[in-house]
Amino acid sequence: MTEVGTDWRVVDGVATAWFDAPSLIEGAALAGRIMELSPGIVVDLRATGMRVRLDSDGHAEAVSAAARDLGLAANPAVLQHLSVVFESANPSVVRRFWQGVLDYAPGDDGGLVDPLRRDPAMRIRQSTEPRPLRNRIHLDVVRPAAAVEQAGLGEASGPFGVRHADPDGNEVDLVPGDALGEGIGTADWQAVFSAMACYRTTSPTQQRDLAVAAAALADDRGFPLLVDLRPGLVIIDSGKDQWDDDAHGLELEFTDLAGNLQTAAREVGATADPGLSRFAQLFLDAADVAAVRAFWVAALGYTHDRRPGVSDIRDPRRLNPVLVFQELDASETERRRQRNRIHVELAVPSDLAQTRLATTVAAGGRLLDESEDRWRVADPEGNEMVIVSGG
């Protein structure tokens, strides 16, 4: 990809920028201008700024100019993109399983990608290394109950009756979501760990108007709403558990805000599509939860959940998936010794890769191998992350 200006970096093969903003309202003003440039640009609007991913690097200067005009500065240092990698002797079989779980689309690299470009891509690599025991990493995926049933994965197992495994034994807890509330005032909303409403739109103007209205309603209540703009779509999201009083810690009832957001969406003519709602997170089993959790906080630049007794860590900009930790019996020595069939891949800008590697090693990571643009690192218990430079 050609040079696209100082605001921009290539991350996971896409020209990407983050612009700091003091509120959702200021970010929505920039989002509205971006929608006028091209409906294919992907925008993730947050209370602290917005990420922009281009469909063509020809739009980079126009986006940067609009940001400057609004007094918003780029911050390339925060850019990163997390994917999940499966190593398998039977990639095609594994791919079919996860395509059903996630409702993903085939990717150019033989893996799977979220058509909404919100949840992590699944990369599937050929491997003949025998690893018969359970991974110490698995996925949680929450989708509307009808979508879970339609996935047709058969009888579930596990303590909550939601666990499934692909032919290699890689596990997912596929959890059915529910309506956010019983009244018609929040009928567009699904509770999928996050509270989420997905709206089809028919024009960039409609997208802009809904984003501006959502930003104003959320800012008025001091709520850090997530608003994602995709071609023909606006996704309004509370973030994991943030619709719950204990999690957000604000003087508000989220269902009231959700009702107001639903009214705003209908007033601009957007159409709800609740079946699109999806939440995905990574679960890590660890004998020493504190040590492993501390490593991933440093390696990913994540922050701790504010609630006591909750092991979650999250991206402070809520762009990458939540990680959750649970205790593994220290006596499971063989399982702890076995390499996982799943690892994390973290794409960062080329000019930040060495700094990220140094931070990761300083946090207790072990550098296992490296090439010109990839570094494979293990956490204190052998869970692996590959840092990828640029694309």
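The rules behind each value
- Residues numbered from 1 in each chain as written.
- Predicted model: local features only at pLDDT ≥ 70, side-chain atom pairs only at ≥ 80, totals over all residues.
- Heavy atoms only, no water.
- Helix = DSSP H or I, 4+ residues; strand = E, 2+ residues; numbered from the N terminus.
- Rg over C-alpha atoms; globule rule 2.2 N^0.38 Å.
- Buried < 20%, exposed > 50% of the residue type's maximum accessible area, 1.4 Å probe, protein only.
- Contact = heavy atoms within 4.5 Å.
- Areas by Shrake-Rupley, 256 points an atom, 1.4 Å probe, with all protein chains shown as cover.
- Lys, Arg positive; Asp, Glu negative; His and termini not counted.
- Charge placed at Lys NZ, Arg CZ, Asp CG, Glu CD.
- Salt bridge = Lys/Arg side-chain N within 4 Å of Asp/Glu carboxyl O.
- Phe/Tyr/Trp six-rings, centres within 6.5 Å; stacked < 30°, edge-to-face > 60°.
- Arc of directions from axis to C-beta.
- Patch = residues over 30% accessible without salt bridge, like charges linked within 9 Å, V, L, I, M, F, W, Y side chains within 5 Å.
- Pairing = 2+ DSSP bridges.
- Core = buried A, V, L, I, M, F, W, Y, C linked by side-chain atoms within 4.5 Å.
- Polar contact = N/O pair within 3.5 Å; in protein donor to acceptor, adjacent residues only side chain to side chain.
- Expected span 1.5 Å × (residues − 1).

A. Highlighting the overall build of the protein. When its secondary structure is counted, the protein shows 10 helices and 25 strands. The C-alpha atoms of the protein give a radius of gyration of 21 Å, which matches the 21 Å a tight globule of 391 residues would have. Expressed along its principal axes, the backbone C-alpha trace of the protein runs to roughly 55 × 50 × 40 Å. Within the span of the protein, comprising 391 residues, buried residues form 54% of the whole. Considering only contacts within the protein whose residues lie at least 6 apart along the sequence, 70% involve residues at least 24 apart. Carbon and sulfur atoms make up 50% of the accessible area of the protein, which totals about 15,900 Å². Side-chain charges of the protein comprise 39 positive and 60 negative groups, with the mean position of each set lying 3 Å from the other.

B. Representation of the pattern of salt bridges in the model. All chains considered together, the criterion is met by 37 salt bridges. When the shortest N-O distance is used, the salt bridge between D69 and R33 registers 2.7 Å. Taken together, the residues D69 in helix 2 (residues 60-69) and R33 in helix 1 (residues 24-37) connect sequence positions 36 residues apart. Judged by its relative accessible area of 53%, D69 falls in the exposed class.

C. Layout of the environment of G5. Mapping G5 onto the fold places it in the segment before strand 1 (9-11). In this structure the C-alpha to C-alpha distance between G5 and V386, which are 381 residues apart in sequence, comes to 27 Å.

D. Summary view of the packing of aromatic side chains. Applying the stated criterion across every chain yields a total of 7 aromatic pairs. The interplanar angle of 80° and the centroid separation of 5.3 Å between the aromatic rings of F97 and W98 together place this pair among those described as edge-to-face. With respect to class, F97 is no different from W98; both count as buried. Judged by centre distance (5.7 Å) and plane angle (55°), the ring pair of F193 and F279 falls under tilted. With F193 in the loop between strand 13 (190-192) and strand 14 (194-200) and F279 in strand 18 (residues 279-286), this residue pair connects regions lying 86 residues apart in the sequence.

E. Seen up close, helix 2. If you check which residues of helix 2 are buried, you get A60, V63, S64, A66 and A67. Along helix 2, the residues classed as buried sweep out an arc of 160° about the axis, all on the same side. In helix 2, the exposed positions that point more than 90 degrees away from the buried face belong to R68 and D69. Contact partners of the buried residues in helix 2: strand 2 (14-20), helix 1 and strand 4 (49-53). Backbone geometry just downstream of helix 2 places G71 in the positive-phi region, at approximately 75°.

F. Summary view of a negative patch on the surface. Taken together, the side chains of D244, D245, D246, E251, E253 and D256 make up a negatively charged region of the molecular surface. By the element assignment, E253 lies in the loop between helix 6 (245-248) and helix 7 (254-267).

G. Structural view of the pairing of strand 4. Most of strand 4 sits inside the fold, with 5 of its 5 residues counted as buried. By the alternation rule, side chains of strand 4 split into G49, R51 and R53 and M50 and V52, which are all buried. Both strand 2 and strand 4 contribute to a ladder of 5 bridges, which runs antiparallel. Note that in strand 4 the partner of T16 across the bridge is R53. Inspection of the sheet shows strand 3 (residues 42-46) paired to strand 4 by 5 bridges, in the antiparallel sense. Each residue of the ladder has a partner; that of V43, found in strand 4, is V52. Hairpin geometry of strand 3 and strand 4 is characterised by an intervening segment of 2 residues between the two adjacent antiparallel strands.

H. View of the nonpolar core. If you look at the biggest cluster of nonpolar residues, it comprises 47 residues, and the most contacted ones within it are W189, L225 and F254. Among the elements that line this core, the one with the most residues is helix 1, at 6 residues. Leave out the neighbours within four places in its chain, and L225 touches L24, L45, R46, A47, A214, A218, I236, D237, F254 and L261. Core analysis: the next-biggest nonpolar cluster, separate from the first, contains 43 residues, F97, V344, V377 and I387 among them.

I. Highlighting the side chain of R341. Mapping R341 onto the fold places it in the loop between helix 9 (333-337) and strand 22 (342-348). Although buried, R341 forms no salt bridge, and the nearest oppositely charged side chain, D168, lies 5.5 Å from it. Only 3.3 Å separates the side chain of R341 from the backbone oxygen of D168, close enough to count as a polar contact. Side-chain polar atoms of R341 contact the side chain of N170, separated by 3.1 Å. Those residues in contact with R341 that lie beyond four places of it in its chain are V85, F86, E87, R131, P132, L133, R134, N135, D168, G169 and N170.

J. Summary view of helix 5 (residues 204-221). Between its first and last C-alpha, helix 5 extends 26 Å over 18 residues, near the 26 Å set by a 1.5 Å rise per residue. For helix 5, the set of buried residues is Q206, Q207, L210, A211, A214, A215 and A218. One face of helix 5 carries all of its buried residues, which in axial projection span an arc of 160°. Elements in contact with the buried residues of helix 5: helix 1, strand 14, strand 15 (226-230), strand 16 (233-237) and helix 7. Once helix 5 ends, the next one or two residues include G222, with phi positive near 70°.

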